[in-house]
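# Architecture at a glance
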Amino acid sequence: MTEKVINYFCGGNTAKGFYGLYESNMQGLETIYLLKGGPGTGKSTLIKRVANEWGEKGYHLELIHCSTDNDSLEALIIPELKFGVFDSTSPHVLEPTAPGAIEQYVNLGSAWDIAKLKDKRQEIINYQQSIQEIYQKSYASFKNGLQIHDDLEEIYIREMDFAKANQVTVDLIDQIFVGKRSSGQEQITRHRFFGASTPDGVVDFIPNITEGLLKRYFIKGRAGTGKSTLLKKVATAGEERGFDVEMYHCGFDPDSIDMVIIRELGVSVFDSTDPHEYFPDRHGDEIVDLYQKTVTPGTDEKYQAEITDVTKRYKQRMKEGILYLQEAKSLHDQLEKIYVDAVNFSVIDGFYEDINKAVEQQEKEV
């Protein structure tokens, strides 16, 4: 497959429950296929086949990963062809804006042997109920973790100099944007996740997403030191100057922002702290340390015992939430086997051919 691939998430297992940002990334697409069907119908495999086909032809691809199954894809976007394929089954049900004109439904469930599924009816119901109950336990753990994390933020907020924090933000915005305006026609902001809590732990695609960008700002700091506020202000500054903006939400607290990218300028600004801590490793990388610049010196030492206790309890809740995701994934795999046994995959192959032909038609029209 081509190297011109960006990987990210549009759905996350968060402290606010399952949180989706799919529609934001459908902006500008002229043809969208929405895949319907239960587990084991080959939605991810179909998306991967289309991605391989058009990646080999040299097109840029956006691969949208599944936060509940690390090996699966939820969607594919081919930006140059304004084409997308999305898994539109629960929990990421997508509503069409112009059915038939833009979005086409593909019912992969038509490949099922219904008699086989009816024989397993109660087993399927039991699995579905158990999986949903476990997800709710996971989200409850993450929610509790966020509440504990708020206690950690309070420690640093008490020791923050907000005037200095504001000046750091102003200086950074000047450094990025001074004298610059976009040459584009219509400003678009897309909302995404660069990482997610998954059955394999916390996963992120920061190196891939920022690959090729000339300037990367690594925002360092502590909880409550204004990293998300700074990033939101950078995004607003980009929007006001007409630049397309990629806003990457926190996979733990989706109301917070963890990264902003202005691709037209080749710039990324991101929260580079645990669990997505990175350090400069190439020309153009720069650290902006909010703890150093805005927090009373010695704060870590002053509150060491309290910080250690709160951090330990927060991480326990996060680990607990991940374990529930693993349990849900295990049950989902067993449920999937029931459906796989009932699928006629030659029918799925036919859907792949239809979608591939639709991409070819779109290629002629764009």
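Residues numbered from 1 in each chain as written. Predicted model: local features only at pLDDT ≥ 70, side-chain atom pairs only at ≥ 80, totals over all residues. Heavy atoms only, no water.

### Points about the packing of aromatic side chains
Here is the rule we go by: Any pair of Phe, Tyr and Trp rings, taking the six-membered ring for Trp, is counted once the centres come within 6.5 Å. Such a pair is stacked with planes under 30 degrees apart, edge-to-face with planes over 60 apart, and tilted for the rest. When a residue's accessible area, from a 1.4 Å probe over protein chains only, is under 20% of the maximum for its type it is buried; when over 50% it is exposed; and in between it is partly exposed. By the criterion adopted, a ring carries a charge over it if an Arg CZ or a Lys NZ lies within 6 Å of its centre and within 35 degrees of its normal.
Across all of its chains, the model carries eleven aromatic pairs by this definition. Their ring planes at 55° and their centres at 5.7 Å tell us that Trp54 and Tyr59 sit as a pair that is tilted. Each member of the pair, Trp54 as well as Tyr59, carries the same accessibility label: buried. When the ring centre of Phe279 is taken as reference, the NZ or CZ atom of Lys220 above it lies at 3.8 Å.

### Let's talk about helix H1 (residues 43-56)
For clarity, the threshold we go by: Note on conventions: DSSP H or I runs of at least 4 residues are helices, E runs of at least 2 residues are strands, and numbering of each starts at the N terminus. In this analysis, the expected span of each helix is defined as 1.5 Å times one less than the number of residues it contains. By arc we mean the arc of the directions from the helix axis to the C-beta atoms, nothing more. Here, two residues are considered to be in contact whenever any of their heavy atoms come within 4.5 Å of each other.
In a regular helix each residue adds 1.5 Å, so 14 residues correspond to 20 Å; H1 covers 20 Å between its end C-alpha atoms and thus fits that length. Within H1 the residues assigned to the buried category are Lys43, Ser44, Leu46, Ile47, Val50, Ala51, Trp54 and Gly55. Along H1, the residues classed as buried sweep out an arc of 160° about the axis, all on the same side. Residues of H1 that are buried in the fold lie against strand S4 (31-36), strand S5 (61-65), strand S6 (73-78), strand S7 (83-87) and helix H10 (345-365). Just downstream of H1, Gly58 is the residue with a positive phi angle, here 95°.

### Some thoughts on the pattern of salt bridges
Between side chains of opposite charge, pairing is possible as soon as their charged atoms come close. Put simply, the rule reads: Whenever Lys or Arg places a side-chain nitrogen within 4 Å of a carboxyl oxygen from Asp or Glu, that contact is recorded as a salt bridge.
All told, the structure shown has 20 salt bridges when counted by the stated rule. The residue Arg49 makes a salt bridge to Asp349 at a minimum N-O spacing of 2.9 Å. Placement of the pair is Arg49 in helix H1 and Asp349 in helix H10, with a sequence separation of 300 residues. Residue Asp349 is classed as partly exposed on the basis of its relative accessible area of 36%. Each of the salt bridges in this network shares a partner with another, and the network as a whole consists of Glu62, Arg192, Glu246 and Arg263.

### A look at the packing of helix H3 (residues 121-158) against helix H9 (residues 304-340)
Counted only if it meets this: Helix axes use the C-alpha atoms of the stretch in contact, all axes being lines fitted to C-alpha atoms, and the angles between their N-to-C directions lie in the range 0 to 180 degrees. Roughly parallel refers to an angle under 35 degrees, roughly antiparallel to one over 145, roughly perpendicular to one between 65 and 115, and oblique to any angle outside these ranges. Each crossing is labelled by how the near helix is turned from the far one, with a counterclockwise turn of less than a right angle marking it left-handed and a clockwise turn marking it right-handed.
Between H3 and H9, the least distance of the axes is 8 Å, while the angle of their chain directions is 165°. With respect to their mutual orientation, H3 and H9 come out roughly antiparallel. The crossing of H3 and H9 is left-handed.

### Some details on the nonpolar core
Going by this rule: Only buried Ala, Val, Leu, Ile, Met, Phe, Trp, Tyr and Cys residues count toward a nonpolar core, and they belong to the same one when joined by side-chain atoms within 4.5 Å.
Residues Phe142, Leu152, Tyr156 and Phe252 are the most contacted members of the largest nonpolar core, which totals 34 residues. Sorting the residues of this core by element identifies H3 and H9 as the ones contributing at least two each. In terms of residue count, the dominant contributor to this core is H3 (twelve residues). Residues within four places of Leu152 in sequence aside, it is in contact with Ala223, Ile307, Val310 and Thr311.

### Structural notes on the packing of helix H4 (residues 162-177) against helix H6 (residues 227-240)
Here H4 crosses H6 at 35°, and the two axes come no closer than 10 Å. Where H4 crosses over H6, the handedness of that crossing is right-handed. Packed against H4, whose contacting residues are Asn166, Val168, Thr169, Leu172, Ile173, Ile176 and Phe177, the element H6 presents Leu230, Lys233, Val234, Ala237 and Gly238 at the interface.

### A closer look at the environment of His65
Note the following rule: Pairs of N or O atoms are called polar contacts if they sit within 3.5 Å, as long as, within protein, a hydrogen donor faces a hydrogen acceptor (for residues adjacent in sequence, only side-chain-to-side-chain pairs).
Among the structural elements, His65 can be located in strand S5. Separated by 82 residues in sequence, His65 and Gln147 place their C-alpha atoms 28 Å apart. Not counting residues up to four positions away in its chain, the partners in contact with His65 are Asn7, Tyr8, Phe9, Ser72, Leu73, Glu74 and Phe205. Polar contacts involving the side chain of His65 include one to the side chain of Asn7, which spans 2.8 Å.

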